[in-house]
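Examination of the molecular architecture
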Amino acid sequence: MRQAVIGAVLLAVGAVCVALGLLPLPELAALAERVLPVLGFVLGLTIVSELAADAGVFDRLADLAARVGGGRTIGLWAAVVVLAVVCTVFLSIDTTAVLLTPIVITLARRVGLPPMPFALTTVWLANTASLLLPVSNLTNLLAVDGIGLDGPLPFAGLMVWAALAGVVVPCAVLLVVFRRSLFGRYTPVGLRKASDPVFSWAASVVLVALVVALTAGVEVWVAAVLAALVLIGVAAWRAPAELRPSRVPWSTLVFAAGLFVVVETLHGTGVTDPIVQAVGGGTGTGPLLLLGGAGAVAANAIDNLPAYLVLEPAAGHEALRYAALLVGVNAGCLITPWASLATLLWHARLTAEGIHLSWGRYIALGCVVAPLTVVAGVLALQI
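So, here's what we can say about the structure. Keep in mind it's a predicted model, so treat the numbers as computed, not measured. (Residues numbered from 1 in each chain as written. Predicted model: local features only at pLDDT ≥ 70, side-chain atom pairs only at ≥ 80, totals over all residues. Heavy atoms only, no water.)

**Things to note about unusual backbone geometry**
Backbone geometry places S92, a non-glycine residue, at a positive phi of 85°. Mapped onto the elements of the fold, S92 is located in the loop between helix 4 (73–91) and helix 5 (93–110). One non-glycine residue, D303, lies in positive phi territory at about 100°. Position of D303 among the secondary structure elements: in the loop between helix 13 (285–302) and helix 14 (304–311). (Helix = DSSP H or I, 4+ residues; strand = E, 2+ residues; numbered from the N terminus.)

**Considering helix 9 (residues 197–215)**
The end-to-end C-alpha distance of helix 9, which contains 19 residues, comes to 27 Å, matching closely the 27 Å that a straight helix rising 1.5 Å per residue would cover. Taken together, the buried positions of helix 9 are F199, S200, A202, A203, V206, L207, L210, A213 and L214. Buried residues of helix 9, seen end-on, are gathered within an arc of 165° and therefore sit on one face of the element. Of the exposed residues in helix 9, those oriented more than 90 degrees away from the buried face are W201, V205, V208 and V212. (Expected span 1.5 Å × (residues − 1). Buried < 20%, exposed > 50% of the residue type's maximum accessible area, 1.4 Å probe, protein only. Arc of directions from axis to C-beta.)

**Here's the deal with the packing of aromatic side chains**
Two numbers describe a pair of aromatic rings. These are the distance of the centres and the angle of the planes. Applying the stated criterion across every chain, the model contains two aromatic pairs. Arranged with centres 5.9 Å apart and planes meeting at 40°, the rings of W346 and Y362 form a pair that is tilted. Residue W346 is located in helix 16 (residues 341–352), and its partner Y362 is located in helix 17 (residues 359–380); the two are separated by 16 residues in the primary sequence. Both residues of the pair, W346 and Y362, belong to the buried class. Seen in terms of ring centroids, W359 and Y362 are 5.4 Å apart; in terms of plane orientation they differ by 90°. Their pairing is edge-to-face. Taken together, the positions of W359 and Y362, both in helix 17 and three residues apart, correspond to about one turn of that helix. Pairwise contacts between aromatic rings join W346, W359 and Y362 into one cluster. The ring of W237 has R238 lying over it, and the distance from NZ or CZ to the ring centre is 4.9 Å. (Phe/Tyr/Trp six-rings, centres within 6.5 Å; stacked < 30°, edge-to-face > 60°. Lys NZ or Arg CZ within 6 Å of the ring centre and 35° of its normal.)

Following this line, the structure appears as structure tokens:
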């Protein structure tokens, strides 16, 4: 609700800026052409992920992870890492933070293990593993056009080593912090049967088809919206009660739309020019670390999406600089609670599950993992 209110305020401010001529109509039209497909993707993917979760797809994947773990805690944790990375890369950061987290917590409790290491794994990897594909994070989708790469595979080629660092470094920190909890044994559990096998299999097929389409270069908003329409049709047949207005991510759409308009106005009026100029230019190690660090600081100060939008002109149409900025805002937003919307949603799910993690401890751990991940990610870009 708070996000929706902020978004409405931002939209109102944006409307005033347009009315006053601070954002000319041609520039507003160009902005709409750029961001409407992004918002369409968010809409479609959110509906698909929510309905797939209702169909029990993620529950079965979690049970499969428990079986793959083979009774060893470290094996189960490794399987959860793989599940979180795959979910983040192909289904985006929010799917992992919001939908996978309660499922992983339930899994840990089913096998008698402390849930905190698994819960923290999901939120850290939801952010840091979101570097590999354009669809992994909203910031990536915004950067694609500026980078000038045609399709998801060239983007992955640019980001692959940074994405690998974004997985390895947080996992290494988690192993150190939770070394006593992650080495032991548990009793494996069986695969739960879906309450509606038809709905479950249909959702699984739609998810697989969507992943294939997204990695094959199909226009992301087209693939996501079509997948959502198909799954809505299945749900209307098999589970009509699941088709609720709350499935539409209204607050996220309103917040993002308002933010785009306001930041574009700030760029057009030159308000953000001093910030962009302070970051400088260049594709050497020093300038890239400066840009990545600036992205991380800005993300933890004001949230990673506005941080990216404010600093985007500093990339200067250089692919490596776009990549460094993405490392900063995606992998560096692990310190403050508001640095990533996914983190706030994750913490709300934790609270709903009866798990307490103080923000003080979260910030302390983030002060360790965020700088290490950003530096490693930026250095990995030059491999």
